[in-house]
Amino acid sequence: MKITNICCIGAGYVGGPTMAVIALKCPDIKVTVVDLNANRIALWNDPDVTNIPIYEPGLSDIVAQTRGVNLFFSTDVDKAIDEAQIIFISVNTPTKTYGAGKGMAADLKYIELCARQIARVAKDDKIVVEKSTLPVRTAEAIKNILDNTGNGVQFQILSNPEFLAEGTAVEDLLNPDRVLIGGDQDPAGREAIQSLVDIYAKWVNPNNILTTNVWSSELSKLSANAFLAQRVSSINALSELCERTGADVNEVARAIGMDSRIGPKFLKASVGFGGSCFQKDILNLVYIAKSYNLTAVADYWEQVIIMNDHQKRRFSQKIVSTLYNTVAGKKIAFLGWAFKKDTNDTRESAAIYVADDLINETAQISVYDPKVDAEKIYNDLTMLGSRDEAENKSSLISTKDPYQACQDAHAIAILTEWDEFKSYDWQRIYDNMLKPAFIFDGRNLLDKNKMKEIGFVYQAIGS
C-alpha cells in the first residue's frame, strides 16, 4: 500500500518530533498531529515557531520548514483518523496510581480511548501503530477492541517503539541506531510492516530497519530502557563507594568504559536518572515479571529503581549534613530543574525530589533553569503531594537570572548538566554568596580544581 496520509494521536514529546521528521523526509505524505489539548495545539501552530511546546535542538527549524506544507496540527481527531491510512498512537502511558498494579503497571486508559475512537470513526482499512511505550501483548488488546467495536473494516496493528533520548531527539530521528517494527507474521501483517518500512527507508539505511513479531518489538523497548537505567544505577552505586574509599568515580568510569565489551555510554555518575521512560518502563517490566510469578526477575530489575531513589535521597542528605546538619532558613540555589540538558521536560527530574527533601528541612530554594518556567516548577512540586501550591511558593522561588538565583545563597546544587553553567563567572557568583560557599555538583559538570581555587567548598558525586 502506498501511504499518502498519516495521522498521529498525541502531540507530546514523541508524537510532535517524530511526525515533524517524517514530514520533512516524506514531502509526498500529509502528516497530521492531533491532540485534545487545544492549548498545546495552539502552541504548535503559533506563528512564532520558537513557542512550540517541545524544546529540542533543531526541532523548531524543521517545524518551520514543514508546517502548513505537509505537516499540520489539529484538535479535529475524528477527521484526521478518517482520512489517514496509518494512525500512530502516541499518548501518555503513565504508571497506574490506583487498583491492581498500582505503582508499577502501565495505565492504558488513554490507549483504550484511542482504540475505541479509531474503531468508531474508521470506515476503511487502517494500519494502527503503537508508538507509545507499552507492556507486552498490548497490541492484542488494541486489536480486540478494534475488531469487536468497529465498523467491519480490517485493522493491522504494528509496534514501532521510539528510542529517542530527549535533548538529542531530532538527531536520533534523523540518524537512528535502528528502527524497530513489529507486526503479525501472516501475509496481511507483513504487508502492513512493509508499508511502514517504506516510509522510514526514505532516509534510514535499510540495514538499520529491524522487523520482528509484535511481542518482541514491545518487549525490546522496555528492555532497552531497563538496560540503560541499569548502567546509570550501577555507576551511581559505585559513586558512593568511591566517596568512602578515596577513588574518583570519573576515573573509574573512564577505565571501565575503555573496555570494548562495556563501552563508555551511560557511565556518568549523577544525582540520578529522570525522564518519562526509565522508571516507568522498569516498573512495568517488574509488574510483568511478577504477573508471571518470576519473582527473582522482578526483584533484580526493581533494585535499579531502589538504587536510583537512594542516590537522590543521598544527595539531599549530603547537603544537609555538610551544612552543619541544618538547612533551616538557608538559601539553596538550584541550577537546573529539567531532568537533563537540552529539554524542557521535567518528568521524574531528580531536582523535584531533592527540592522536596530540602523544603521538608525548611530550606529556602531558589531555582534557575533556562527552559523551565516557574509554573511548571510549582506544579511538579505540588504533584508530589507533600504540600499545597501556596506552601511551595513560600519555600521556593524561580528566577530567570542565574546570578540572582545564587545571590546570598549558602550553597548551590547543580541538578541539570546545562552547558551554559560551565561558562558562568564563578568568581562573581562566589563573591555574592554567604561564606563558606558550597557547591554540590550532582552532575560532575564543573572543574573541581578551578572551583576550589576560587574558594568554594566543592563536592561532586563520586569524588
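Quick note: structure is the one above.
An account of the accompanying structure is given in this report.

What about helix α5 (residues 109–121)?
If you check α5, its first and last C-alpha atoms are 18 Å apart, about what 13 residues at 1.5 Å a residue would give, namely 18 Å. Within α5, the full set of buried residues consists of Ile 111, Cys 114, Ala 115, Gln 117, Ile 118, Ala 119 and Val 121. Contacts made by the buried residues of α5 are with β1 (5–9), α4 (77–83), β4 (86–89), β5 (126–130), α6 (138–149) and β6 (155–159).

Some remarks on unusual backbone geometry
Note the cis peptide between Lys 435 and Pro 436, where omega equals -5 degrees. Inspection of the secondary structure puts Pro 436 in the loop between α17 (426–431) and β13 (438–441). Unlike most non-glycine residues, Phe 266 shows phi in positive territory, near 60 degrees. Relative to the elements of secondary structure, Phe 266 occurs in the loop between α10 (249–257) and α11 (278–291). We note that Asn 293 has phi near 60 degrees; this positive angle belongs to a residue other than glycine. Inspection of the secondary structure puts Asn 293 in the loop between α11 and α12 (295–322). On the basis of relative accessibility, which here comes to 67%, the residue Asn 293 falls in the exposed class.

Things to note about the pairing of strand β14 (residues 457–460)
Burial along β14 is one-sided: the face carrying Tyr 458 and Ala 460 is buried and the face carrying Val 457 and Gln 459 is not. Direction of pairing for β13 relative to β14: parallel, over a ladder of four bridges. Bridge pairing in β14 links Ile 439 to Tyr 458. In this region the chain leaves β13, passes through helix α18 (residues 448–454) and returns to the parallel neighbour β14; the handedness of that crossover is right-handed.

Digging into the pattern of salt bridges
As enumerated under the stated definition, the model contains 26 salt bridges in all. When the shortest N-O distance is used, the salt bridge between Glu 83 and Lys 79 registers 2.9 Å. In this pair, Glu 83 and Lys 79 are both assigned in helix α4, four residues apart and thus about one turn of the helix distant. Residue classification places Glu 83 among the partly exposed residues on the basis of a relative accessible area of 34%.

What about the nonpolar core?
As a rule of thumb, soluble globular proteins bury nonpolar side chains together. Within the largest apolar cluster, 61 residues are counted, with the highest numbers of intra-cluster contacts made by Phe 334, Trp 337, Leu 358, Ile 412, Trp 426 and Phe 456. Sort the elements by how many residues they give to this core and helix α13 (residues 350–360) lands first, with seven residues. Contacts of Leu 358, omitting those with residues within four sequence positions, involve Ser 316, Ile 319, Val 320, Val 327, Ile 332, Phe 334, Ala 363 and Ile 365.

What counts as what
Residues numbered from 1 in each chain as written. Predicted model: local features only at pLDDT ≥ 70, side-chain atom pairs only at ≥ 80, totals over all residues. Heavy atoms only, no water. Helix = DSSP H or I, 4+ residues; strand = E, 2+ residues; numbered from the N terminus. Expected span 1.5 Å × (residues − 1). Buried < 20%, exposed > 50% of the residue type's maximum accessible area, 1.4 Å probe, protein only. Contact = heavy atoms within 4.5 Å. Pairing = 2+ DSSP bridges. Right-handed = clockwise from strand over helix to strand, strands pointing away. Salt bridge = Lys/Arg side-chain N within 4 Å of Asp/Glu carboxyl O. Core = buried A, V, L, I, M, F, W, Y, C linked by side-chain atoms within 4.5 Å.

Functional significance is not addressed by these values, which are geometric in nature.
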